[in-house]
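# Understanding the architecture of this molecule
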Amino acid sequence: FLHTRRLLGRFIYPCSITMATRMLRCAAVAIASTAVASAANIECDLAIVGAGAGGAYAAWRAAEGGEKVCVFERSDRPGGRIHSIRNLGPKQDLVVEAGGYRFAIKTINFGADMVIKTPLTKAIVQELKLKNGIYNPIPTQWDHWMHKLVDEDNQDVGFLTLVETMLHKAEEYGAKVRFESEVVAINLLEETPDQGLTVRLKSGDEVTAAKVLFNIPQRPLIQLLRNSDGPLRHVYPEPLYNPISYGLLKLYVHYEDAWWQNYLGYSAGPFFNKDAGAPDPSLPAVGPAPLKGAYHDGDVRCDGPDGKCRGFLQAYYGSDGIEVAGGSIGGAMRYYAPFIDAVRGDSATHIKPEYAAHHRVLLEEVHKSLVELHRAELDAKNLTAKISAMRPTEAVMSFWSEGVEGMFAGCHMPKRLVNGSFPPLDKLAEDSLEPIKGWPLYVANEAFGHMRCFAEGSLAMANEAVKRMGIPDPLSGWLNDVELEHGEVKMPMTDPFFLEDTILRADEELVV
């Protein structure tokens, strides 16, 4: 799959690795293609718009079930808001997770009203035999039961590996994947939806499909339907207008000398600074630079002399105006926004001091904040001058906001009801799955799923969509024991890292 990305803008027709299997599978695909083409000239049984987690999963399952699948991705990469940036650092062996990157191996009941539950993600990781490891080694903290994807040496490989592997599986079963191919409209092929649909690309090309699954966030999906000709332009799919979106920021800084680990012994646990006098937590101060990260979140390799470590430290992960005891982490997204080069095409900015003056200043400001946050420990070890003289050599800052084309958000949540409560957990997903009555259109995306800010919501919707399409469960039976019921939850499930006071309650007893 990684090789096929070089063939951008073209359909890829992989079959299998061995010649014998290749001939059998390609023959089967050819027979199926002939049969489908003779029926209303349909080119794709299923057209999937978006190659994120839900789109890749639906492509894999549908192709495995014998469907002729076409995947269209507007970007030059898969994953959507799963965005693993590889080959970083002086040795080009480090990974930064600029987007989604974790899953829970057990149900985590966090406090009285929060649950993290990702059984489908866990089952897929196991079925694909993707090696995974503990995200936070401290067993008393809530994210200890979160896992990340690793290699045989337990080094980060990037959560994008999950999406890439599912797409590769789909291609092995004959799916066609096309990058840099933005879908701009869906129209009728004949007079009624059951006679087929046309999928129009920005290039002007059109592809015919029997059904379409949208694996794109709320704003791009609404705009696509508005751009469509004919009946779709006059339909108001109310569930799709329900979610509200909010931005997210992730910032990782790289040091050739991972001083927080080498000198202070900090390899796990959260940290943050706060503005005790902020009149409005959404408004940043001139300094220090906002910090809200975790020592265990960042690709660090301890392969230097005497085990000396190097790598990335997560300096910020969250949104704006987070309240904490004694103050707030004020307006981080507003503070860092001027340092972003551009967010229209990609959420992530690669920051290096030699690139531009504002890159150098940003690295200096973040470093000063980190030193100030750790001043007591550094003073105690007589290390303040030594660490103050250091500088990060590079950074990655990802800004998931209104400005990122094709995304327009970091995460989503449903609107509250009139009485102030949240709707039943699965209501939005159920209402959005087939948003337009009588049309073979399906939706699978975090924006509408039960688990906000996690791939699980998109995967669960894709799984239900595939079921409604009549595609059988895998013969191997790996789905049989996956518990997809969510139980009684008082509010939409999400990442507790975004909640007020979460990091102060990190040692609270968890029920798993």
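Residues numbered from 1 in each chain as written. Predicted model: local features only at pLDDT ≥ 70, side-chain atom pairs only at ≥ 80, totals over all residues. Heavy atoms only, no water.

### Structural notes on the confidence of the model for the protein chain
So the rule is basically this: Scored from 0 to 100, pLDDT records how confident the predictor is in each individual residue. Whether two residues are in contact is decided by their heavy atoms: any pair within 4.5 Å suffices.
For the protein chain, the mean per-residue pLDDT works out to 84, and 81% of the residues sit at or above 70. Within the model, pLDDT remains below 50 along residues 488-492, and this stretch shows 16 contacts once partners closer than five positions in the same chain are excluded. Taken as a whole, residues 499-512 scores under 50 in pLDDT and shows 41 contacts with residues more than four places along the chain or in a different chain.

### Focus: empty space enclosed by the protein
Stated formally: Only protein atoms enter the 1 Å grid, on which a cavity is a set of points fitting a 1.4 Å probe that cannot get out and a pocket is an open set with protein on both sides within 12 Å along at least 5 of 7 lines, lining residues being those with an atom within 4 Å of a point. Grid points are joined across faces, edges and corners, and a volume is the space filled by probe spheres set on the points. For the purposes of this entry, the term helix denotes a DSSP run of H or I that reaches at least four residues, the term strand denotes a run of E that reaches at least two, and both are numbered from the N terminus. Residues were grouped as follows: Ala, Val, Leu, Ile, Met, Phe, Trp, Tyr, Cys and Pro as nonpolar; Asp, Glu, Lys and Arg as charged; and all remaining residues, including Gly, as polar.
Following the criterion strictly, the structure yields three cavities of 30 Å³ or more and no others. The calculated volume of the second largest cavity comes to roughly 110 Å³. Forming the walls of the second largest cavity are 14 residues, and the residues nearest its centre are E97, Y101, D156, D297 and G298. It is strand 4 (residues 94-97) that provides the largest number of residues to the lining of the second largest cavity, a total of three residues. Looking at the lining of the second largest cavity residue by residue, the class counts come to six nonpolar, three polar and five charged.

### As for the packing of helix 2 (residues 53-64) against helix 4 (residues 160-172)
What counts, and what does not: In this description, a line fitted to the C-alpha atoms serves as the axis of each element, helices being fitted only across the stretch in contact, and the angle between N-to-C directions of two axes falls anywhere from 0 to 180 degrees. The scheme is simple: roughly parallel for angles under 35 degrees, roughly antiparallel for over 145, roughly perpendicular for 65 to 115, oblique for anything else. The sense of a crossing depends on the near helix, which, turned anticlockwise from the far helix by less than a right angle, makes the crossing left-handed and, turned clockwise, makes it right-handed.
Relative to each other, helix 2 and helix 4 sit at 25 degrees, their axes nearing to 8 Å. Here helix 2 lies roughly parallel to helix 4, going by the angle between them. Handedness of the crossing formed by helix 2 with helix 4: left-handed. Contacts between helix 2 and helix 4 involve A53, A56, Y57, A59, W60 and A63 on the former and, on the latter, V163, M166, L167, K169 and A170. When its residues are assigned to classes, the contact of helix 2 with helix 4 shows 10 nonpolar, no polar and one charged.

### Quick notes on the pairing of strand 15 (residues 248-255)
Let me state the cut-off plainly: Three exposure classes are used, based on accessible area relative to the maximum for each residue type with a 1.4 Å probe and protein chains only: buried under 20%, partly exposed in between, and exposed over 50%. When DSSP finds two or more bridges between a pair of strands, those strands are recorded as paired.
Among the eight residues of strand 15, eight are classified as buried, and the element is accordingly described as predominantly covered. On strand 15, burial covers both faces: L248, K250, Y252 and H254 on one face and L249, L251, V253 and Y255 on the other are all buried. Relative to strand 23 (residues 394-400), strand 15 runs antiparallel, the two sharing seven bridges. In the sheet register, Y252 faces strand 23, and the bridge partner there is V396. In terms of strand pairing, strand 15 meets strand 19 (residues 310-318) through seven bridges, oriented antiparallel. If you follow Y252 over to strand 19, its bridge partner there is Q314.

### Description of helix 5 (residues 218-227)
In an α-helix, one full turn covers 3.6 residues, which means residues spaced three or four apart are oriented alike. For helix 5, the set of buried residues is Q218, P220, L221, I222, L224 and L225. Tucked into the core, helix 5 has its buried residues touching strand 1 (44-49), strand 11 (183-188), strand 13 (206-214), strand 24 (411-413) and strand 25 (441-443).

### What about the state of the cysteines?
Short version of the rule: For this text, the term disulfide refers to a pair of cysteine sulfurs within 2.5 Å.
For the coordinates displayed, the defined rule picks out three disulfides. Between C44 and C70 runs a disulfide, and the two sulfur atoms are separated by 1.9 Å. Across the S-S bond of C44 and C70 the torsion is about -90 degrees, and the bridge reads as left-handed. Here the residue C44 occupies a position in strand 1, and C70 occupies one in strand 2 (residues 69-72), the gap between them amounting to 26 residues. C70 carries the same exposure label as C44, and that label is buried. The side chain of C302 participates in a disulfide bridge whose partner is C309; the two sulfur atoms lie 1.9 Å from each other. Here the disulfide of C302 and C309 is right-handed, its torsion about the S-S bond being about 95 degrees.

### With respect to the environment of Q218
Following the sequence through the fold, Q218 ends up in helix 5. Take Q218: its relative accessible area is 7%, and that puts it in the buried class. Here Q218 is in contact with L240, Y241, N242, P243, H412, A447 and F448, once residues within four sequence places are set aside.

### Let's talk about helix 8 (residues 357-373)
To keep things clear, this is the line we draw: Expected span, for any helix, means 1.5 Å times one less than how many residues it has.
When the terminal C-alpha atoms of helix 8 are compared, their 25 Å separation across 17 residues agrees well with the 24 Å that a helix rising 1.5 Å per residue should span. All buried positions along helix 8 are accounted for by H359, L362, L363, V366, H367, S369, L370 and V371.

### Topic: the packing of aromatic side chains
Condition: Aromatic contacts are taken between Phe, Tyr and Trp rings whose centres are within 6.5 Å, Trp giving its six-membered ring; a plane angle under 30 degrees counts as stacked, one over 60 as edge-to-face, and the others as tilted. Charge-over-ring contacts are defined here by two conditions on Lys NZ or Arg CZ: a distance within 6 Å of the ring centre and an angle within 35 degrees of the ring normal.
The full count for this structure, using the stated rule, is 14 aromatic pairs. Pairing Y101 with Y317 gives two aromatic rings, centres 6.0 Å apart and planes at 70 degrees, and the pair type is edge-to-face. Of this pair, Y101 sits in the loop between strand 4 and strand 5 (103-104) while Y317 sits in strand 19; the two residues are 216 residues apart in sequence, bridging distant segments of the chain. Accessibility assignment for this pair places Y101 and Y317 in one class, buried. Plain terms: the ring middles of F103 and F159 are 6.4 Å apart, the flat faces sit at 20 degrees to each other, and that makes the pair stacked. One end of the pair, F103, is in strand 5; the other, F159, is in the loop between strand 9 (146-149) and helix 4, with 56 residues separating them in the sequence. You'll find F103 and F159 in the same group, each marked buried. Among the aromatic residues, those joined into a ring-pair cluster are Y316, Y335, Y336 and F339. The ring of Y101 carries K250 above its face, with NZ or CZ at 3.5 Å from the centroid. Taking the ring centre of Y317 as reference, the NZ or CZ of K250 above it sits at 4.8 Å.

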